[in-house]
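Each chain is listed here by its residues.
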Amino acid sequence: MLFLYSANLALVLPVDAAAPVARAVIAAAALTAFLGLVLRDIRRGAIVASAIVITYFGFGHVSGFLSGLGLGDAAQLGLWGVVVVVTLILAARASARLPQATAGLNVFAIVLVVIAAATILPYEITRARREPVAHAAPVTAATDAAPGRDIYFLVFDRYGSADALERRFDITDNDLYGWLEERGFHVPSSSHANYRATDFSLAATLNMQLLDNLTRDVGRDSDDRTAAQDMIREHEVGRFLKSQGYRYYQIGSWYGPSRSIEIADESLVYGVASEFESVLNDLTIMPAIDRVRGVVSPEPTFRDRHREGTLFAFRQLRRVATAPGLKFVFAHILLPHDPYVFKADGSPLSEEEANGAPEPQLYADHLAFANSQIKQIVGQLLAGPEQTRPIVIIEGDEGPLMCRSVDCVRNTGEYLRIRLGNLVAMYLPGVDALIPDTFTSVNTFRVVLREYFGAELEPLPDRSFTWPDNDHIYDFRDVTDQILASGE
Amino acid sequence: MSPFLAYIDPGSGSLIIQAAIAAVIAIPIFFRSQIARAMRALRRSEEREPPSGDDAATKH
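About the criteria used
Residues numbered from 1 in each chain as written. Chains lettered and ligands numbered in written order. Predicted model: local features only at pLDDT ≥ 70, side-chain atom pairs only at ≥ 80, totals over all residues. Axes fitted to C-alpha atoms, helices over the stretch in contact; angles between N-to-C directions. Helix = DSSP H or I, 4+ residues; strand = E, 2+ residues; numbered from the N terminus. Parallel < 35°, antiparallel > 145°, perpendicular 65-115°, else oblique. Left-handed = near helix turned anticlockwise from the far one by under 90°. Contact = placed C-beta atoms within 7 Å. Nonpolar A, V, L, I, M, F, W, Y, C, P; charged D, E, K, R; others polar. pLDDT = per-residue confidence, 0-100. Pairing = 2+ DSSP bridges.

**Q** Looking at this structure, how should I read the packing of helix 5 (residues 98-129) of chain A against helix 1 (residues 12-30) of chain B?
**A** The geometry of a pair of packed helices is captured by two quantities: the angle between their axes and the separation between those axes. Contact geometry of helix 5 of chain A with helix 1 of chain B gives a least axis separation of 8 Å together with a crossing angle of 150°. Between helix 5 of chain A and helix 1 of chain B, the interaxial angle falls into the category roughly antiparallel. Seen from above, helix 5 of chain A lies across helix 1 of chain B with right-handed handedness. Contact residues: A:Q100, A:A101, A:A103, A:G104, A:V107, A:F108, A:V111, A:L112 and A:I115 in helix 5 of chain A; B:Q18, B:A19, B:I21, B:A22, B:A23, B:I25, B:A26, B:I29 and B:F30 in helix 1 of chain B. For the contact of helix 5 of chain A with helix 1 of chain B, the residue count by class is 15 nonpolar, 3 polar and no charged.

**Q** Would you explain the interface of chain A and chain B in this entry?
**A** Taken together, the contact pairs 34 residues of chain A with 26 residues of chain B. Put simply, the parts of the chain that give the side of chain A that touches chain B at least two residues each are helix 1 (2-6), helix 3 (42-68), helix 5, helix 13 (275-283) and helix 15 (302-320) of chain A. For the side of chain A that touches chain B, the leading source of residues is helix 5 of chain A, giving 9 residues.

**Q** What am I meant to see in the confidence of the model for chain B here?
**A** Any region with low pLDDT has predicted coordinates that should not be read closely. Residues at a pLDDT of 70 or more form 70% of chain B, whose mean pLDDT is 76. By mean pLDDT, the top-scoring element of chain B is helix 1 of chain B (89), and the lowest-scoring one is helix 3 (residues 53-58) of chain B (48).

**Q** I keep staring at the sheet that holds strand 4 (residues 327-333) of chain A and nothing clicks. Help me out?
**A** Each strand in a sheet pairs with another by means of backbone hydrogen bonds, the pair being arranged parallel or else antiparallel. All names here are of chain A. Taken together, 6 strands build an open sheet; the order of strands is 3-2-4-1-5-6 and the sheet is mixed. Two strands lie at the open edges of the sheet, namely strand 3 (266-268) and strand 6 (424-427), each paired on one side alone. Each strand of the sheet is rotated relative to its neighbour by a mean of 10°, with strand direction disregarded. Against the sheet, helix 11 (residues 236-243) makes contact with strand 1 (151-156), strand 2 (247-251) and strand 4, and its axis sits at roughly 145° relative to strand 2, the strand it touches most.

So this is what it looks like as structure tokens:
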């Protein structure tokens, strides 16, 4: 568990790992005490407890390797069961060798903790010493501004532009762009995200600024994404709208940065486990036990959470739309983002079915389900007279990944057009806003706040950025010209 | 095992390497008495071995 934290320092904060680590330590101590009583020797109890703890948390780490050798869940469980039983027998029979066995296991554990600590401590010390990231400057509204319209910001993760979907999956018949245009949405023909990752893209959009402050404050030689993610948790759009009397509803997903937005008045998320805990649970022995028993686990797997969390978000969106009062609703919905868990009609897709299908088909099915939901929700939101209709923004934070479940980064115009080509659709009732065809997401709320609140927010240059590798994530390189040139 | 498609990396390969390092360090302690016994047996067998012909020649 400490290891999982140390392997994900760029994404996980100490606060995320503290509760699961504490729970695991308490459970292991209780198990050791119990087994010590049963075996009438705390050292014997500790040895058996060690085997059980290693089995419980280590199962998922070697499961893939054992599966590759042809061992199914039942065989793997049997193998680990043998390990625990043999340990129990040896511990019960050991007498003279007990001290050295205990010493050996202690050294084993200490070495693992020291290796993890040697990774964690320097990283956390550097992070703690870092200067706070400068947040966006507060926006001021014109004194007579009072649009009186609800605002919906619906982010469909990895929903690409028409160009990106055609290049990546050869999808040419997606009717959503035209359907939205027919209902009065602005749908720029060559829209792009500013960054090819969710945290950066949302941080820029929700703070209405490019992320040069991160390059300056964190430095180019960093892999620490939490700085960008902090900008999502306290974003300027939410702060501004709250100051204007809006009630802020956050509809999140398992994705941490948009899951818990501190400034939201209501955070609506499915389940209680964080992304860290969800992966941790999936790595334990419990999912395999549930599969062998053929029972539905009380602890949902990551695929379960992806599916149920998405359906939950759609339900909440429809529910919140009926809530009285002026509201800002930001829903981050992980569609068509993988894992692929839906068929086109929204019915469940099993893991076996997903593994056996080509990704273009899987993505197209997720797209079809997302479209059906978007059309329902837009129909509900725009049902009233024009004067009372809300502002509705539907965007992808980025385009689809270049490879299946992996962003195989390339520095080519084709790659950049796919990864950065995103869906942008803006319903802006009552104003005549000019949305350029080469629109980028950083200007989304600059348009809204300028047109509806009189804020002095001129459009920023529509530029898109990449970075060389994940150890230099703030070393931004402007690739706008490369993108535009590759489309000619 | 389910493919992990969250942003959190299970890092299984690194864990196995770290566990192997820890095991290499811990095994000599775990089998301390057996190793000591084997070393003693090895030493005794060396002491019982007769001197080689060259050594015997130099003692003359």
